[in-house]
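# Examination of the molecular architecture
As a plain string of letters, each chain reads:
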Amino acid sequence: ENTFNFYVYETIGRIKYRMDAYEQVLRGTRGLFAASDNVTRHEFKAYIDTLKLQEKYPGIQGVGFSLIVPKHQKQQHIAEIRRQGFSAYTLRSETEQEFYSSIIYLEPFKDRNLRAFGYDMYSETVRRTSMQRARDLNQAAITGKVKLLQETDKNIQAGFLMYLPVYENNLPTDTLAERRSNIIAWVYEPFRMDDFMKGLIVSLLSEINVEIYDDKIPLDQTRMFDSDQVANSCSIFKPQMQRTERLEINGHVWTMVFCSTPKLEAIADNHKAQIIAITGGFLSLLLTLITWQLLTSRRR
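Here the structure is a predicted model, which is why all the values come from computation and not from measurement.

Moving on to the sheet that holds strand E4 (residues 159–167). What the five strands build is an open sheet, ordered E2-E1-E5-E4-E3; its pairing is antiparallel. The outermost strands of the open sheet, each flanked by one partner alone, are strand E2 (99–107) and strand E3 (141–142). Two elements, strand E1 (residues 63–70) and strand E5 (residues 183–192), share four bridges in a ladder whose sense is antiparallel. Residue pairing for E5: phenylalanine 65 is matched across the bridge by valine 187. Here helix H1 (residues 2–34) sits on the sheet in contact with E1, E2, E3, E4 and E5, set at roughly 35° to E4. On the sheet, helix H7 (residues 193–201) packs against E4 and E5 and is oriented at approximately 70° with respect to E5.

Moving on, we come to empty space enclosed by the protein. A water-sized probe, rolled over the atoms, reveals where empty space remains. Applying the stated rule across the entire model yields one cavity of 30 Å³ or more. Of the volumes computed, that of the largest cavity is approximately 50 Å³. Lining the largest cavity we find Ile103, Ala116, Met121, Arg127, Leu148, Leu149, Gln150, Leu161, Tyr188 and Pro190. The residue inventory of the lining of the largest cavity, partitioned by class, reads eight nonpolar, one polar and one charged.

Let's shift gears to the sheet that holds strand E6 (residues 208–214). Read across the open sheet, the four strands follow the order E7-E6-E9-E8; overall the sheet is antiparallel. Strands at the two margins of the open sheet, each flanked by one partner only, are strand E7 (223–226) and strand E8 (242–249). Across the sheet, the axes of successive neighbouring strands diverge by a mean angle of 20°, strand direction being ignored. Pairing between E6 and strand E9 (residues 252–260): seven bridges, direction antiparallel. The residue of E9 that forms the bridge with isoleucine 208 is serine 260.

If you look at the biggest cluster of nonpolar residues, it comprises 55 residues, and the most contacted ones within it are Ile15, Met193, Phe196 and Trp254. No other element matches H1, which puts 11 residues into this core. Apart from residues lying up to four places away in sequence, isoleucine 15 is in contact with Phe196, Met197, Leu200, Ile212, Leu247, Ile249, Trp254 and Met256. Within the second largest apolar cluster, 18 residues are counted, among which are Met121, Ala134, Leu161 and Tyr163.

By the definition in use, this model includes 20 aromatic pairs. Ring centres of phenylalanine 33 and phenylalanine 44 lie 6.1 Å apart, and the angle between their planes is 50°; on these two criteria the pair is classed as tilted. Here phenylalanine 33, found in helix H1, pairs with phenylalanine 44, found in helix H2 (residues 41–51); they are 11 residues apart in sequence, far enough to count as distant. Judged by its relative accessible area of 9%, phenylalanine 33 is buried. Geometrically, the ring pair formed by phenylalanine 160 and tryptophan 254 is edge-to-face, given 5.3 Å between the ring centres and 80° between the ring planes. Of this pair, phenylalanine 160 sits in strand E4 while tryptophan 254 sits in strand E9, placing them 94 residues apart in sequence. Of the two residues examined, phenylalanine 160 and tryptophan 254, each falls in the buried class. In this structure an aromatic cluster arises from ring pairing among Tyr22, Tyr57, Phe160, Phe191, Phe196 and Trp254.

A word on the confidence of the model for the protein chain. Within the protein chain, residue pLDDT values average 86, and 84% of them lie at 70 or more. Considering only residues more than four positions removed or in separate chains, one finds that residues 268–281, a stretch of pLDDT under 50, has two contacts.

As for its placement among the helices and strands, aspartate 37 is situated in the loop between H1 and H2. Given a relative accessible area of 70%, aspartate 37 falls into the exposed group. Residues aspartate 37 and asparagine 169 lie 132 residues apart in sequence; the distance between their C-alpha atoms is 7.2 Å.

Rules and cut-offs
- Once a new chain begins, its residue numbering starts again from 1 and follows that chain's sequence as written.
- In view of the model being predicted, local features appear only for residues whose pLDDT reaches at least 70, and side-chain atom pairs are presented and counted only at 80 or more, with totals across whole chains, interfaces and linings using the full set of residues.
- Note that the side-chain values use all heavy atoms of the structure and ignore hydrogens as well as water.
- By this definition, two strands are paired if DSSP reports at least two bridges between them.
- We count a stretch as a helix when DSSP gives it H or I for four or more residues in a row; a strand needs E for two or more, and each element gets its number in order from the N terminus.
- Two residues qualify as a contact provided that any one of their heavy atoms is within 4.5 Å of a heavy atom in the partner residue.
- Comment: axis = line fitted to C-alpha atoms, over the contacting stretch for helices; angle = value between 0 and 180 degrees taken between N-to-C directions.
- In this analysis the probe radius is 1.4 Å and the grid spacing 1 Å, with only protein atoms considered; a cavity is a set of points the probe fits into but cannot get out of, a pocket is an open set with protein on both sides within 12 Å along at least five of seven lines, and lining residues have an atom within 4 Å of a point.
- Grid points are joined across faces, edges and corners, and a volume is the space filled by probe spheres set on the points.
- Under the scheme applied, nonpolar residues are Ala, Val, Leu, Ile, Met, Phe, Trp, Tyr, Cys and Pro; charged residues are Asp, Glu, Lys and Arg; polar residues are all the others, including Gly.
- Here, the term nonpolar core denotes a set of buried Ala, Val, Leu, Ile, Met, Phe, Trp, Tyr and Cys residues that are joined through side-chain atoms within 4.5 Å.
- The classification of residues rests on relative accessible area computed with a 1.4 Å probe and restricted to protein chains. Under 20% of the type maximum is buried, over 50% is exposed, and intermediate values are partly exposed.
- Side-chain rings of Phe, Tyr and Trp, where Trp is taken by its six-membered ring, are said to pair if the distance between their centres is within 6.5 Å; with planes under 30 degrees apart they count as stacked, over 60 as edge-to-face, and otherwise as tilted.
- Per-residue confidence from the prediction method is given by pLDDT, with values spanning 0 to 100.

Quick look at the structure:
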């Protein structure tokens, strides 16, 4: 059981450490915009390239910049991006609102990430809730479970995003009203959950099963990750060791269910057998010693 508990806390610790690292990536990216009133696409790419995302941060899909576009500037904004060489660009929003947000930078700008170019994340409920929380608190915030725009028809994974607000340079952000008035964009990171977790705990997967659920209630519709790809396996197979933990990340809660695998249980059973054998041998030796002492004493 001590080994099982070690794996549980090791998994939680790795997630916390990695999420802190991802937040620092966003803070560094926000610093890029704090240092310049006009960060170009080339400058953004050059900065993100230096981070070596795929090598240093497995599981991350990229780092992006989502610009706030007032409703009356929508057409002007579209024309400006098209002049940069993206003739098919348009701002894609799910609702009509007073302002939009548009993903104008996202690195690496290739493959799956191209599908997100121009999307208004603020128009989708789950993303908007997290974006508002990040803006109002001036803190990093993660979303609940979403389907990323990067998903195709194959190998679909649950996703989530992390946001950090970017405010107008040299304007105050001390009050809630100032933060809401002076925000200009969000920097953000999208994650595919299977990629994110397997990059963290691949060495532990033969010892424990891990299920992660969005929010506080473990339901099929809130499941974000299942290490053995068998739904509710921790409940179905009745493992010897199981525990549930709540993990809060940037104000959002994940419910994590851990259970032992047959491999870990076999190791535990083997350890028990060894302990029993050693204990039995010790007791036998002790009994022999006591008997010898009694016989010796009787002879005397």
